Amino acid sequence: MHPDPVIIADRLKKTYGDIAAVDGISFSVEAGTVFGFLGPNGAGKTTTMRMIQCVSPRSGGDLCVFGLDPAEQPRMIKQWLGVVPQETNLDPEFTCFENLMVYSRYFGIPKREAAERVEELLAFVALTEKRDVKIEHLSGGMKRRLLLARALVNQPRMLILDEPTIGLDPQARHLMWEKLRELRAAGNTIVLTTHYLEEAERLCDRLVIMDNGAILVEGAPGELVERYVGSDIVEAERKPEVIACLDEMGVRYDIVGDMVEAMTPDPREVARRLFETCNPGRVFVRRATLEDVFLQLTGRNLKE
Amino acid sequence: MAPSLMPDLSRAVWTVWRRNWDVFFKTYHVNFLPPFLEPVLYLVALGIGLGSFVGDIEGVPYIRFIAPALIAISIMNSAFFECTYGSFVRMYYMKTFEAMVATPLSIDEVIAGEMLWGATRSWINASIMLCILAAVGVVDLPLALAIIPFSFVGGLLFAGIAMCFTAITPGIDELNYPAFLFITPMFLFSGTFFPLSVLPGPVQAFAYALLPLTHIVTITRSLALSQPSPLFAFSIAWVTVVTIAVFLLSVYLMKRRLVV
């Protein structure tokens, strides 16, 4: 059986005055997968999320979530969505437990059922010990985890996360990733935006890279790296000899500050020839990452 | 695309109201003191202090003249400040509305719930004040008890007016304008501390046409002194019509601000 996609967007568009924040993008998200939106600030990721969440009406094109139109049946769609927002919007006056209880009331979940579920969710995000602690006494990582738990109170069919690990320390990020992988393993559909490329590489089954409201590429992370950069990067000092050498070998390269980055499927050979013939100084070989793809496609200039 | 003028409401409005109610009782120690203290301060300063020079107004002692006006002012202030500064903080700084509309709640329900809560604040404060004023014996029982349900309606009127300002204000500081240019003059010129009849005719007409507090004072005073004003029915009609109008308008303006 091949399930229908959970989200289908066809030439989806959002304009503010003359400015197209999202400029006719098409994509689809399959059930049970993790789908990522990557892109620099202002690329249109969050706007796309807001349209999927039924809080921002689209300006053009078609959008279908769970087979429904967000403009027609927002309540139905929102009943099945779990949303982790970019900015923490927990109720500071309430404890962890109370926050989740108040939120479950918005979904019309009966009190007894909600209380049971909330205890389970607090355990899932490792906050049982903080059950009766007010939000202001939580660390940044705990707040993000509580937001994740809150997004799960209605047992959503799809989870939407906008920058789920922004501002977290490495321990807290890894714990968050672990929880998201557990959720995926349990068959959940997850849609996330991030500009941490490592995060996208670790979590996403498929992703799109957006810039200026358009989708530049779509694919699995590994496949995109292979397609746009190749398997490895050889970095060497930026010297005329090195550049001449690389030109002669016909290897594609980028100049980044005082370094040259050469993209190649055969890093040993490139490094050997550099050492033998053109006195390159320091040379590093590393695996190509999604970050290399991202910078290739969106450029190295600051976006803001 | 202009938002619809008809609000999209369901029973879920009460969950928004209930969230604010729960927060209120979490911090009750700061919330219950003002309605206790305020009437006592005004009664002593104005009723006893100033009243000893004033004598009777329209055949009633000054302290009994201003007692219902103090309740009316409290109805105005409670809802107005809850739905301007309070709602703005929840909307803009705490992103509470954003959290709510990520659930099946519509933005219409969030705004309606906020206004019902503002009205509830008026109801709570007016009820407490009424108890104190009754204990001092400056209002007529049992008719004055009708102020308790009425305070909710009056509160809803000011909640709606406040929410219109909140919907159009660029930032929290600009909310000072309606507070100083609208609320403060009303506090003084709505027949609160002196009868409107001493003012020139056009000013009286202005107060009856455009100052909501005038009608709230007319109604609370009629009930507290068991002396229905000749304008009682007109004031009830004015409050009813304007409350409905600003309720619908504020939801519309808020959608225009937030649904983008």
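Residues numbered from 1 in each chain as written. Chains lettered and ligands numbered in written order. Predicted model: local features only at pLDDT ≥ 70, side-chain atom pairs only at ≥ 80, totals over all residues. Heavy atoms only, no water.

A. View of the overall build of chain A. Helix and strand content of chain A: 11 helices and 13 strands. By its C-alpha atoms, chain A is 75 × 45 × 40 Å across when sized along the principal axes. When burial is assessed residue by residue, chain A has 51% of its 304 residues classed as buried. Carbon and sulfur atoms provide 49% of the accessible area of chain A, an area that totals close to 13,900 Å². (Helix = DSSP H or I, 4+ residues; strand = E, 2+ residues; numbered from the N terminus. Buried < 20%, exposed > 50% of the residue type's maximum accessible area, 1.4 Å probe, protein only. Areas by Shrake-Rupley, 256 points an atom, 1.4 Å probe, with all protein chains shown as cover.)

B. Fine view of the interface of chain A and chain B. With 23 residues of chain A in contact, the opposing surface of chain B contributes 28 residues. Buried area between chain A and chain B, both sides added, is near 2,300 Å², and the carbon and sulfur share of it is 56%. It is Arg75, Arg105 and Tyr106 of chain A in chain A that bury the most area against chain B; as a group they hold 33% of the surface buried on that side. Across the contact surface, chain A and chain B share six salt bridges. Its salt-bridge partner being Glu98 of chain A, residue Lys26 of chain B comes within 2.8 Å of it at the nearest N-O pair. Where chain A packs against chain B, one counts 11 residue pairs in polar contact (both at pLDDT 80 or more). Breaking the side of chain A that touches chain B down by element, the ones donating at least two residues are β1 (7–16), α2 (74–79) and α3 (96–106) of chain A. Considering each element in turn, the side of chain A that touches chain B owes the most residues, five residues, to α3 of chain A. Across the side of chain A that touches chain B, the residue classes tally to 10 nonpolar, three polar and 10 charged. (Contact = heavy atoms within 4.5 Å. Buried area = accessible area lost by both parts, 1.4 Å probe. Salt bridge = Lys/Arg side-chain N within 4 Å of Asp/Glu carboxyl O. Polar contact = N/O pair within 3.5 Å; in protein donor to acceptor, adjacent residues only side chain to side chain. Nonpolar A, V, L, I, M, F, W, Y, C, P; charged D, E, K, R; others polar.)

C. Quick look at the pairing of strand β11 (residues 252–256) of chain A. Bridge count between β11 of chain A and strand β12 (residues 259–264) of chain A: five bridges; the pairing is antiparallel. For Tyr253 of chain A, the partnering residue across the bridge sits in β12 of chain A and is Ala262 of chain A. (Pairing = 2+ DSSP bridges.)

D. Layout of helix α11 (residues 290–298) of chain A. Buried within α11 of chain A are the following residues: Leu290, Asp292, Val293, Phe294 and Thr298 of chain A. Immediately beyond the C-terminal end of α11 of chain A, within one or two residues, lies Gly299 of chain A, with a positive phi of roughly 85 degrees.

E. Main features of the layout of surface pockets. Residue and element names in this part refer to chain B. For the largest pocket, the calculated volume is near 1,300 Å³. No other element matches helix α11 (residues 232–258), which puts four residues into the lining of the largest pocket. Here the lining of the largest pocket is composed, by residue class, of 22 nonpolar, five polar and 12 charged. (1 Å grid on protein atoms, 1.4 Å probe; cavity = no way out; pocket = protein on both sides within 12 Å on 5 of 7 lines; lining within 4 Å. Points joined across faces, edges and corners; volume = space filled by probe spheres on them.)

F. The pattern of salt bridges, seen in detail. Tallied over the entire structure, the rule returns 29 salt bridges over all chains. One salt bridge in this structure joins Arg18 of chain B and Asp22 of chain B, with 2.9 Å as the shortest N-O distance. Residue Arg18 of chain B and its partner Asp22 of chain B are both found in helix α1 (residues 13–26); the two are separated by four residues, about one turn of the helix. What makes Arg18 of chain B partly exposed here is its relative accessible area of 27%. You can call Asp22 of chain B buried: its relative accessible area is 18%. The network of salt bridges with common partners includes Glu235, Glu261, Arg286 and Asp292 of chain A.

G. Molecular detail of unusual backbone geometry. The residue after Leu141 of chain B, namely Pro142 of chain B, is reached through a cis peptide bond having omega 0 degrees. Mapping Pro142 of chain B onto the fold places it in the loop between α6 (107–136) and α7 (147–168). For Gln155 of chain A, which is not a glycine, the phi torsion comes out positive at approximately 45 degrees. By the element assignment, Gln155 of chain A lies in the loop between α5 (140–151) and β6 (158–162). Exposure remark for Gln155 of chain A: the relative accessible area of 54% places this residue in the exposed category. The phi dihedral of Ser226 of chain B is positive, around 50 degrees, even though this residue is not glycine.

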